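Spelled out, the chains give:
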Amino acid sequence: MSKHCIALVVNGERQEAEVPARRMLSDFLRDDLHLTGTKRGCETGTCGACSVLVDGEVVKSCLSLAVQADGCSVTTVEGLAQGERLHPLQESFMQCGGLQCGYCTPGFLMASCTLLARNPRPTEEEVRHGLGGNLCRCTGYSQIVESVLDAAEKMHGN
């Protein structure tokens, strides 16, 4: 099996590793770097639980090879908080009930980061559309949407 040396920045820290050519980014993050916030869900890209940011864009890590992230900056849910201070999205998801079992939450948080970076003051409809690549089986989405709108308000005001 072919192996490749990769170098990337994950949550602000440079990482170098030798990985098999077919190693999925989700497996590399979870198993090699022990960043277990990235969840393995459907492993077909449908649920979005594995979503991470690669160079600021949301990527489904179960569909991406680790070698594709060579030279990139990757942010996982563990990289959102600043030390002990939670990211406004994390705070809002807790305060507004945007999480239940929490399994899908990391993917929703990462997709929400990209959404708010592109559109700092989205409407409810824009949030629903922006999170269309993520699935939740617990909340019914209302609290997730409310959480994102609350975070937008905290981050950007009216």
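Up top is the structure these notes are about.
Conventions used here
Residues numbered from 1 in each chain as written. Predicted model: local features only at pLDDT ≥ 70, side-chain atom pairs only at ≥ 80, totals over all residues. Heavy atoms only, no water. Helix = DSSP H or I, 4+ residues; strand = E, 2+ residues; numbered from the N terminus. Expected span 1.5 Å × (residues − 1). Buried < 20%, exposed > 50% of the residue type's maximum accessible area, 1.4 Å probe, protein only. Arc of directions from axis to C-beta. Contact = heavy atoms within 4.5 Å. Patch = residues over 30% accessible without salt bridge, like charges linked within 9 Å, V, L, I, M, F, W, Y side chains within 5 Å. Areas by Shrake-Rupley, 256 points an atom, 1.4 Å probe, with all protein chains shown as cover. Salt bridge = Lys/Arg side-chain N within 4 Å of Asp/Glu carboxyl O. Core = buried A, V, L, I, M, F, W, Y, C linked by side-chain atoms within 4.5 Å. Pairing = 2+ DSSP bridges. Axes fitted to C-alpha atoms, helices over the stretch in contact; angles between N-to-C directions.

Caption draft 1: Looking closely at helix H5 (residues 142–156). Here H5 contains 15 residues, and its C-alpha end-to-end distance of 21 Å stays within 8% of the 21 Å for a straight helix at 1.5 Å per residue. Considered for burial, the residues of H5 that qualify are Ile144, Val145, Ser147, Val148, Ala151 and Ala152. Seen along its axis, H5 keeps its buried residues to an arc of 155°; they face one direction. Among the structural elements, helix H2 (88–95), helix H3 (105–118) and helix H4 (124–130) are those in contact with the buried residues of H5. Just past H5, the residue Gly157 takes up positive phi, approximately 65°.

Caption draft 2: Representation of a nonpolar patch on the surface. On the surface, a cluster of nonpolar side chains totalling about 250 Å² of accessible area is made up of Leu86, Met94 and Leu99. Within the secondary structure layout, Leu86 lies in the loop between strand S5 (73–75) and H2.

Caption draft 3: Representation of the nonpolar core. Residues Leu89, Phe93, Phe108, Leu131 and Val148 are the most contacted members of the largest nonpolar core, which totals 21 residues. Of all the secondary structure elements, the ones that give two or more residues to this core are H2, H3 and H5. With residues up to four places along the chain from it excluded, the contact list for Leu89 reads Leu109, Ser112, Cys113, Leu116, Val148 and Ala151. Residues Ile6, Leu8, Ala66 and Val74 belong to the second largest nonpolar core, which totals 14 residues.

Caption draft 4: Molecular detail of unusual backbone geometry. Backbone geometry at His34 places phi at a positive 60°, although glycine is not the residue there. Looking at the secondary structure, you find His34 in the loop between helix H1 (25–32) and strand S3 (51–54). Judged by its relative accessible area of 60%, His34 falls in the exposed class. Positive phi outside glycine occurs at Glu43, with the angle close to 60°. Within the secondary structure, Glu43 is located in the loop between H1 and S3. Residue classification places Glu43 among the partly exposed residues on the basis of a relative accessible area of 48%.

Caption draft 5: The arrangement of the sheet that holds S5 in detail. The five strands lie next to each other as S2-S1-S5-S3-S4, forming an open sheet whose pairing is mixed. Taken across any chain shown, the strands that pair with only one partner, and hence form the sheet edges, are strand S2 (13–20) and strand S4 (57–60). Taking the axes of each pair of neighbouring strands and ignoring which way they run, one obtains an average angle of 40° across the sheet. The sheet contact formed by strand S1 (residues 3–10) and S5 spans two bridges and is parallel. Looking across to S5, one finds that Val10 is bridged to Val74. Relative to the sheet, H3 contacts S3, S4 and S5, its axis offset from that of S3 by approximately 40°.

Caption draft 6: The pattern of salt bridges, seen in detail. Scanning the entire structure with this criterion turns up eight salt bridges. The salt bridge partner of Glu16 is Arg14, with a shortest N-O separation of 3.1 Å. Across the pair, exposure class does not vary: Glu16 and Arg14 are exposed alike. Note that Asp32 is salt-bridged to Arg23, the shortest N-O span being 2.9 Å. For Asp32, a relative accessible area of 35% translates into the label partly exposed.

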